[in-house]
Amino acid sequence: MALSEAASTEIKQLIRQEAYAVFKVEVAKHRKQDERKGGRQKRKARKIPKELTRAVRENMRRLLGVRCKKAAGRAGKKREMHLPEPLPAGSTELRCAPDGTRLWNPEWSEDIDEGVNAEYIDAVKSLTAANGVAAHKLPANLVNNKDMIIEAAQTYFRSMRCCYQAVADADSLAKHERKRENDKHYGHRHRKADSCFQGIEAVEKVFGKQNTVGLEALVNTPWQSSEDSSEGAADPEVREAAQAAQGVGARALKVCALTWRSRKLLILHITLAVFARFEREFEDSAESVASEPGSGNEASDSEPELSAEAREEYLAKLRVAVQKWRSIYVNETQRYECFRGPTQNHQTGLPHKDKSGTQIYKECISCRWARANPEHSQYYARMPSCPDFTIFALDIPEDLIPADDLQWLANLTLSDDEAEEDA
């Protein structure tokens, strides 16, 4: 059946429109790629001063009528911005601040150098040039550098666009929330690893470097347990009982133990946390043995440890302090109040992947965990034994570990010693 000339013309027009739409999408995609590539090359070639970046960002938020807000709740949570929606198509209504300054509504899905977005960037440039010296204390050479101001504004615009797109639809919002949750857990583990590192110098001086070889290699962020505020797999009653038993409040974070870690590794991490806390509490007194970098009191390689008399004196004072502590998780320096979660919330899976490729040795892995299922056994079999580490042979006195931590350690690693003897 032959098409009429009108129908044929209409079909050709629809095809051209569809092809043009696809063409626009591809052009925009490649333009954004070139834009990001060009931006990276510019930033690599010329670093924008921090004071100019700070001033431009403040002016950009001012011209949007938004402020960085920290969500209510715990300290340290990421700041958020509620960015304005684009104006409806054909709308001529403009927003204004109380002082009469125009407030902008960028088109977040459009190119940075087109339409209202280009006008917004130009307004930021003009405002920074006008108030840079008086309001932001910028030197004149930066205020007069229009290209650098535009570059800083475009860089921050891209960041704001990512923030807007992250919550623009349900899928992006869910992905954004997952990333925030992962970042929060990573931050907890990172702080624990940092705390362990603070105790390394004291441990080496007390027990001797020749007896602590390999200690620093066993402190890694992915190997630290994380915390969260959810019930997890445990019933609310079980969680509340654990909180009451450990003397913490209702808002305390639950510590999820990593059951793949061996008793030896757990003792080392707890011992480092104990020494780090003791050093923090007595860093300005004679009890501290760690040195401030550049103080001139650092131990030399030829004499890294304390004398026998000084060692016994230090350990005696440490034991007195430990007797007053319930746990490494209950102290005034903790960012959050924490408690060890119930058994139902233990993380029994494989170790976290370490992006730096840090090696996990057989001595770090619990034999009890390895024998739990074939996957764990195969993982354990693939891991090498540690090289010339002497730290695993160090006999750390149990009276250097707080009572609650020692009890938790006994419950968590019950029968692990017997499993290691059979291995």
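A short tour of the structure in this document, coming up. Everything quoted here is computed from the prediction, not taken from an experiment.

Basis of the calculations
Residues numbered from 1 in each chain as written. Predicted model: local features only at pLDDT ≥ 70, side-chain atom pairs only at ≥ 80, totals over all residues. Heavy atoms only, no water. Helix = DSSP H or I, 4+ residues; strand = E, 2+ residues; numbered from the N terminus. Buried < 20%, exposed > 50% of the residue type's maximum accessible area, 1.4 Å probe, protein only. Areas by Shrake-Rupley, 256 points an atom, 1.4 Å probe, with all protein chains shown as cover. Axes fitted to C-alpha atoms, helices over the stretch in contact; angles between N-to-C directions. Parallel < 35°, antiparallel > 145°, perpendicular 65-115°, else oblique. Contact = heavy atoms within 4.5 Å. Nonpolar A, V, L, I, M, F, W, Y, C, P; charged D, E, K, R; others polar. Phe/Tyr/Trp six-rings, centres within 6.5 Å; stacked < 30°, edge-to-face > 60°. Lys NZ or Arg CZ within 6 Å of the ring centre and 35° of its normal. Expected span 1.5 Å × (residues − 1). Pairing = 2+ DSSP bridges. Polar contact = N/O pair within 3.5 Å; in protein donor to acceptor, adjacent residues only side chain to side chain.

**Regarding the overall build of the protein chain**
Secondary structure assignment for the protein chain yields 13 helices and 7 strands. Buried residues in the protein chain amount to 39% of all 423 residues. For the protein chain, the accessible area works out to roughly 24,700 Å², and carbon and sulfur atoms hold 51% of it.

**Re the packing of helix α8 (residues 263-281) against helix α9 (residues 308-324)**
Contact geometry of α8 with α9 gives a least axis separation of 11 Å together with a crossing angle of 95 degrees. Taken together, the axis directions place α8 and α9 in an arrangement best described as roughly perpendicular. Residues V274, F275, F278 and E279 of α8 pack against Y314, L315, K317, L318, A321 and V322 of α9. Here the residues of the contact of α8 with α9 sort into 8 nonpolar, no polar and 2 charged.

**Let's talk about the packing of aromatic side chains**
Aromatic ring pairs are described here by two measures, namely the spacing of the ring centres and the angle between the planes. Per the counting criterion, the structure on display carries 10 aromatic pairs. Feature note: the residues W104, W108, Y120, F157 and Y164 constitute an aromatic cluster, connected by ring pairs. If you follow R102 out to its NZ or CZ, it ends over the ring of W104, 3.6 Å from the centre. Of note, K362 hangs over the ring of Y380, and the distance from its end group to the ring centre comes to 5.4 Å.

**A word on unusual backbone geometry**
Even without being a glycine, K137 presents a positive backbone phi close to 60 degrees. Its place among the elements puts K137 in the loop between α3 (115-136) and α4 (140-143).

**Thoughts on helix α6 (residues 170-207)**
Relative to the 56 Å expected for 38 residues at 1.5 Å per residue, α6 spans 55 Å between its end C-alpha atoms, a close match to the ideal helical length. Once α6 ends, the next one or two residues include G208, with phi positive near 95 degrees.

**Brief notes about the pairing of strand β6 (residues 253-256)**
Alternating residues of β6 divide into L253 and V255 and K254 and C256, and every residue in both groups is buried. Note that strand β5 (residues 226-228) and β6 share 3 bridges and pair antiparallel. By the bridge assignment, S226 is partnered in β6 with C256. Where β6 meets strand β7 (residues 338-340), 3 bridges bridge the pair, whose relative direction is parallel. By the bridge assignment for β7, V255 is matched with R340.

**Describing the environment of K125**
Along the chain, K125 falls in helix α3. Sequence separation between K125 and N59 is 66 residues, and the spatial gap between their C-alpha atoms is 9.0 Å. Sequence-distant contacts of K125, defined by excluding residues within four places in its chain, comprise K146, I149 and I150. A polar side-chain atom of K125 sits 3.1 Å from a polar atom in the side chain of D122.

**What about the sheet that holds β7?**
Read from one edge of the open sheet, 3 strands run β5-β6-β7, paired in mixed fashion. The two strands at the open ends of the sheet, each matched to only one other strand, are β5 and β7. Strand-to-strand twist in this sheet, taken as the mean axis angle between neighbours without regard to direction, amounts to 40 degrees. Where α6 meets the sheet, it contacts β5 and β6, and its direction lies at approximately 135 degrees from that of β5. Helix-sheet contacts for helix α7 (residues 236-246) involve β6 and β7, and the interaxial angle to β7 is about 110 degrees.

**Side note on the side chain of K254**
In this structure, K254 sits in strand β6. Non-local contacts of K254, meaning those with residues more than four positions away in its chain, are made with S226, E227, D228, S230, E231, G232, R239, F339, G341, P342 and N345.

**Details of the side chain of R340**
Structurally, the position occupied by R340 is in strand β7. With a relative accessible area of 9%, R340 lands in the buried category. The contact partners of R340, leaving out residues within four places of it in the chain, are A242, Q246, V255, S327, I328, Y329, D405 and W408.

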